[in-house]
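Summary of the model geometry
Residue-level listing of the chains:
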Amino acid sequence: MSKKRRQFTDEEALLFHSEGKPGKLEIHATKPMATQRDLSLAYSPGVAVPVRAIAENPDSAYDFTAKGNMVAVVSNGTAILGLGNLGALASKPVMEGKAVLFKRFADVDSIDLEIDSEDADAVVNAVRYLGPSFGGINLEDIKAPECFMIESRLRELMDIPVFHDDQHGTAIITAAGLINALYLTDRKIEDIKVVVNGAGSAGIACLELIKAMGLPHDNALLCDTKGVIYAGREEGMNQWKSAHAAKTDARTLEEAVAGADVFLGLSVKGALTPKMVESMADKPIIFAMANPDPEITPEEVAQVRDDAIMATGRSDYPNQVNNVLGFPYIFRGALDVRATSINEDMKIACAEALAALAREDVPDEVAAAYQSERPRFGPQYIIPVPFDPRLIREIPPAVAKAAMDSGVARQPIVDMEGYKNRLSARLNPTAGTLQVIMDKVQRDPKRVVFAEGEEERVIRAAIAFRDSGLGHPILVGREDQIRETMKQTGLDPNTQIDIRNARTWPKSDAYTDFLYEKLQRKGYLYRDCYRLATNDRNVFSALMVQEGDADAMVTGVTRTYSVALEDVRRVIDDQDGRGPIGVTLVVAGGRTVIVSDTNVHEMPTPEDLANVAEQTAEVARRLGYEPRVALLANSSFGTHTHERPRTVRDAVRILDERRVDFEYDGEMAADVALSGETQALYPFCRLTEPANVLIMPAIHAASISTKLLRVLGGSTLIGPLLVGLKKPVQIVPMTATVSDLVNMAALAAYNLDK
C-alpha cells in the first residue's frame, strides 16, 4: 500500500474550524426557555428547590444537574499530538475535538479546559477543585513524567474518575488487539516474551496493563532511546521506568527483539528494522503504533515474514489502534454507575469486550460498505472498526459491570439488558453510514467526472477526492482556465490532475451520434446534438459516463437541480421505468431519517408515491437500514379527507397489492410517524418502531421541511441523493461546500442503485 496522502490542505483545515461559529462546540439548553414561567423554573425562584435538595443529599446532583454526563477534557499543551510543547492555548482545537468525539461516539457531554502552566502542582491544584462540576476528568496531551504525577495525585484527591487517555486509551486498545493476536497464534499471555519500545506515557501504560492481565514481569523488556531498561541502569531513569527494569544481558533493541513473540512500538518511524523482524519468534505479533509513520510498515514486514500479525496507528492499514474505541465508552460506563475511579479491572474489561466484539460477525451496517470483502475475524481484523454500531451497546456495560464488581460504583445497574437497550437508543446505530461508504469507495476507487471543473470549489473538491484515496477525479473544462483558477486561489497550478475539454475531446463525433440517436425524435437536429456534446458540460460529462469513459458524475454548483437533472436525462435513461427520485438523509437528535422524494416529483400520484416508497426502501437497505416506511400527510389515519391524504391512502393500498417486503403504513402526520408512542395511540399501525423512512406527499413539503431542518433545526443533511438512473450521477445544491462535493462524489462512486 502506498504512503497515505494528506486528505486536506492547511487552508481547508483552517476554514473548517473558522466557518460559521468559530471552533467545534456550542451549548444547547435541554429545557424550554420560551416563557417567563420557563425562566422562573430554570432560574429564580424555581432553581432554589434542587439547590436545597442537593445540599441535603449531594448524590441528588446526578438527578438534577448535568454532572452525571459531563466530562472535563484537560490539557496544558505540553505534548500536543506529535507536535510537542506548543502551550495551553494551542491545545484548544485538539481538546475541542476530543469533546466532539465524546459526544459523537458515546453521547457524553464535555467541555475543554486548558491550563496555562507546566508545573505539575499548579495543574493538580487547578483541577482538584472541579469535582462538583464534572462526572469525570479526561487528561490529554500532557508530557511525561508530569502526566504520571498529575494523574496519580488527582486520583487520590478526587472522588470521580480521572483518566489520562494518552496512557490508558492506547494501552486498552493495544491489549484488545493482543488478546486476539494471542488467540490466533495459540499463545498464552503468561508464556510470551514482549518487547516495548518507547518508555513514555503510552509505552509504560501498555506494559503495566498487559502485566496486570498476566504477563510475568521477567517476560517483558522496556526500551527507550538509550536502549534496554535493565536492572541497575542509572542513565535517563525515573521511578516509572525503574518499575519495569528487567534482569537481562540485552542492551539494545536489536538484542531485545531476538526471539521475542511480541513487539509493541510507541516510539519513532524506522525503529524496528526488517532484520530485527527476521530474528523474532514464529508468528510474530508486531504493533507498530508510532504516528504518523509506524516503526515499520506492513509492506516491510511482509518482505521478510509471511506469518506476522500486524497493527498500526494508521487508518489506511488493517488493525488500527485507535483510542476512540476506548475512552468514550469507558467514561460512558463509568458515568452511568457514578464510579469513583477508573481502575485496572475496568480497563481490562474494556479490552476484553473489544476483543470479543472483533470475534463476532460484523453487523450489516458495517458490512454493507465492504460487500464481497466483509471483514472477518483473523490476522487482518483483530480490532473492531470505530464506526461499528455495537460498540455503544457492548463496551460501556462491560466497564460498568467491572466497576460494580470492583467496588467503585456508587449507582449499580440492576437491569443490564435494559441498560444495553437504553445505550443503543442514545445514538443512531447507522450514524456512521457515510464513513463506511467512504471505506468501500476507497477499496474500489472509481473515475468520477466533476462537470463544472473551472469552479474553485469543484477544483478543490476534486483534489481532496483524489488525496483522500476515494478515486480518480476528472475535471471538465478548459485546462488553461482551470490552471489559472488554481494559481489565483493558492493551489499549485502544476498539480497533476485529469482535465477534459469537451471541445477537443476525440470522441465528440461518437458522442454526437449517440445523442442524436436518442434525441432525433424529440425535436433535436444533428447540429443541436453536436452543440450539446461539445459545449454543455453536464451533457458531455453524462456522455462520458454513459459511454464508459468514466464511472460516475457529480454536478450542480452552477445550475439548479431541475436544470442539471434535465441535462443528465437527455443522455442517461431511467433505470426501471419508475423514474429517478431525490433522497435526503437527515441526521438530527441522535437519529437518522431518510426523506423522499425531495427533488423530482412535483405532485405525485398514488402510483408515484408507491414507487417512491419502494425505491427509497431499497436505498435504505443498501445503506444498512431495515426500512420502516411512513407515508406522510397532514393527517393521521383518516382525520382529514382532503385530496392529498386520499392520495396517500391510495398509495398504501397499492403497496398492499404489491405485497412488498418492508414495514410501511400511512397516511400519518410526521410527529406520529417519528413518535415512540404511535402504537399506544394507534395500536393497528403496522410500524413496529418509529419510522426511519419518510415519504413526502409532494415535493414542496419535502423541500421546505428538509431545508428548515438544515437551517433552524441544527440537523445535518446528506443529499439530496439522486437514485433511479441507469448510471450513477449525483447533483449537489448550488450552495454546496467542498466537503459536500467530496461526499456526493463518493456517493456517486458508491452507486446507490446497485
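Below is a summary of the structure that appears in this document. Fair warning: this is a prediction, and the values are worked out from it, not measured in the lab.

Within the protein chain, the regular secondary structure consists of 31 helices and 21 strands. For the protein chain, the C-alpha radius of gyration of 29 Å lies close to 27 Å, the compact-globule estimate for 754 residues. With the principal axes as the frame, the protein chain shows a C-alpha extent of 95 × 70 × 50 Å. Counting every position in the protein chain, which comprises 754 residues, the buried fraction comes to 55%. Relative to all contacts within the protein chain whose residues are 6 or more apart in sequence, the contacts with residues 24 or more apart total 70%. A total accessible area of about 33,400 Å² is found for the protein chain, and carbon and sulfur atoms account for 51% of it. Of the charged side chains in the protein chain, 84 are positive and 106 negative, and the gap between their average positions amounts to 2 Å.

Another aspect to go through is the pattern of salt bridges. Under the definition given, this model contains 56 salt bridges. We note a salt bridge from Glu96 to Lys92, for which the minimum N-O separation is 3.8 Å. With a gap of four residues between them, Glu96 and Lys92 both fall in helix α5 (residues 92-106), about one helical turn apart. Owing to a relative accessible area of 11%, Glu96 belongs among the buried residues under this scheme. Here Lys92 falls in the partly exposed class, since its relative accessible area comes to 30%. In this structure, Arg653 engages Asp650 in a salt bridge whose closest nitrogen and oxygen atoms are separated by 2.0 Å. Of this pair, Arg653 and Asp650 both sit in helix α27 (residues 643-658), three residues apart, which is roughly one turn of that helix. You can call Arg653 partly exposed: its relative accessible area is 47%.

It is worth spelling out the nonpolar core at this point. Membership of the largest hydrophobic core comes to 99 residues, with the highest contact counts inside it found for Ile137, Ile172, Leu264, Met346 and Leu354. Those residues in contact with Ile137 that sit more than four places away from it in its chain are Val71, Ala72, Val74, Val127, Met158, Ile160, Pro161, Val162, Phe163 and Phe331. Core analysis: the second largest hydrophobic core is formed by 65 residues, Ile437, Met438, Ile463 and Ile581 among them.

Procedures and definitions
Residues numbered from 1 in each chain as written. Predicted model: local features only at pLDDT ≥ 70, side-chain atom pairs only at ≥ 80, totals over all residues. Heavy atoms only, no water. Helix = DSSP H or I, 4+ residues; strand = E, 2+ residues; numbered from the N terminus. Rg over C-alpha atoms; globule rule 2.2 N^0.38 Å. Buried < 20%, exposed > 50% of the residue type's maximum accessible area, 1.4 Å probe, protein only. Contact = heavy atoms within 4.5 Å. Areas by Shrake-Rupley, 256 points an atom, 1.4 Å probe, with all protein chains shown as cover. Lys, Arg positive; Asp, Glu negative; His and termini not counted. Charge placed at Lys NZ, Arg CZ, Asp CG, Glu CD. Salt bridge = Lys/Arg side-chain N within 4 Å of Asp/Glu carboxyl O. Core = buried A, V, L, I, M, F, W, Y, C linked by side-chain atoms within 4.5 Å.

Keep in mind these numbers describe shape, not what the thing actually does.
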